[in-house]
Amino acid sequence: MEFESKMLSRGIQEILYDNDLTLGTAESCTGGRIAEAIISVPGASQYFKGGIICYTNEVKENLLHVSHQVLEEQTAVCEEVARQMVLGACDALNCKYAISATGVAGPTGGTAEIPVGTIWIGYGSKDDVRTLKLTEDFGRDINLAIATNKALRLFLEYLKEKGVAKAKTEE
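Residues numbered from 1 in each chain as written. Predicted model: local features only at pLDDT ≥ 70, side-chain atom pairs only at ≥ 80, totals over all residues. Heavy atoms only, no water.

The protein is annotated in an unreviewed UniProt entry as Competence/damage-inducible protein CinA domain protein from Prevotella dentalis.

What follows is the structure, encoded as structure tokens:
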């Protein structure tokens, strides 16, 4: 586990744990790395509900209720799927927040339209889902590490922007 991932997870833990909020993950290309980073911090069971590894479209549809039409028309590697994965994880895991990742980590599997290194990250709550697209290919392991750290960083910044961290200091 990278030091940066642990530090980001610790920041997330401090906010969620102290405010009785919950988190889940829906991961395709990252295969559970985001969840692994989150649970690397002691006490994660107090706020982390779980993760769904949805490597196939079938699992995305059946467990996360990602639209079959979107998967057919836009593929699994698109902004809308990342968004729907967040919403599906919030529902399936009964959590306030979720983080998702879907993409092509490599070394193969890319196309001219969706090259290797394209990874969509989703994060947020049912009423506010944000997304970000990664597009550079540094090789599979580095692509996955970058996606994991970026997802954690974006989610931590989101919590701070939403003012969730303030609840502790205002007591």
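Sequence positions flagged by UniProt for "domain: CinA C-terminal" (unreviewed entry) are, in local numbering, residues 8-158. Across residues 8-158, the secondary structure splits into 44% helix and 21% strand, with the terminal C-alpha atoms separated by 12 Å. (UniProt positions renumbered as here; feature names shortened; annotations may be inferred. Helix = DSSP H or I, 4+ residues; strand = E, 2+ residues; numbered from the N terminus.)

For the peptide bond that leads from Gly106 to Pro107, omega is 5°, which places it in the cis range. When you line up the elements, Pro107 lands in the loop between strand E3 (97-103) and strand E4 (119-125). Of note in this structure, Asp20 is not a glycine but carries a positive phi near 50°. Considering the arrangement of structural elements, one finds Asp20 in the loop between helix H1 (3-18) and strand E1 (23-27). The class for Asp20 is exposed, based on a relative accessible area of 72%. Even without a glycine there, the phi angle at His65 is positive, about 60°. Mapped onto the elements of the fold, His65 is located in the loop between helix H3 (57-64) and helix H4 (68-74). (Buried < 20%, exposed > 50% of the residue type's maximum accessible area, 1.4 Å probe, protein only.)

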